[in-house]
Amino acid sequence: MTERAAGYCEYCRCPAKYSAQSFAIEHIVPRQAGGPTVSDNLALACQGCNAHKATKTMAADPATNRLAPLYHPRQDRWREHFAWSEDFIEIIGLTPTGRATVTALQLNRNGLVHLRRVLYLVEAHPPVEP
Ligand SMILES: [Zn+2]
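Residues numbered from 1 in each chain as written. Predicted model: local features only at pLDDT ≥ 70, side-chain atom pairs only at ≥ 80, totals over all residues. Heavy atoms only, no water.

Enquirer: Requested: an account of the coordination of the zinc ion, with residues and values cited.
Expert: Ligation of the zinc ion by protein atoms is provided by Cys-9 (SG), Cys-12 (SG), Cys-46 (SG) and Cys-49 (SG), these donors lying 2.3 Å from the ion. Of note, the donors binding the zinc ion are all from one chain and are spaced C-x2-C-x33-C-x2-C. Taken as a pair, Cys-9 in the segment before β1 (24–27) and Cys-46 in the loop between β2 (42–45) and α1 (47–53) lie far apart in primary sequence, 37 residues in all. Considered together, Cys-9 and Cys-46 belong to a single accessibility category, that of buried residues. (Donors = N, O, S within 2.8 Å, 3.2 Å for Na, K, Ca; no water. Helix = DSSP H or I, 4+ residues; strand = E, 2+ residues; numbered from the N terminus. Buried < 20%, exposed > 50% of the residue type's maximum accessible area, 1.4 Å probe, protein only.)

Enquirer: Can you lay out unusual backbone geometry for me, pointing to particular residues and giving the numbers?
Expert: In this structure, the amide linkage connecting His-125 to the following residue, Pro-126, adopts the cis form with an omega of 0°. Turning to its location among the elements, Pro-126 is positioned in the segment after α4 (110–121). Its identity as a non-glycine residue notwithstanding, Ala-54 has a phi of 45°, on the positive side. Topologically, Ala-54 is positioned in the loop between α1 and β3 (58–60).

This is the structure in structure tokens:
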């Protein structure tokens, strides 16, 4: 699982090796909604993304206030839904799913923004997208 994700949170793309807390294996469709514990329903997530996602699979797109499905790391491609800001510090949602996920999972949390800024200085950010 960690290998498939190449050691990065599959949502905010922060690297596990620079995280103070160990990452979680997250159920994309939560167990309580019938999500199975199989590879296609599991994703590597940092503690922050895992906690903010919790049991959500949908969230409001802030541009339209309509519900949109959250980003699905096994079915969606990250770069189709997200882009980095010009300075690579923030994640920008490109689609309803991207915007809903940025908001619901708080992909531009303070800690992440600071980490990206530091990693960028040492040329360890942004990560190469699969
Ligand atoms: Zn994350």
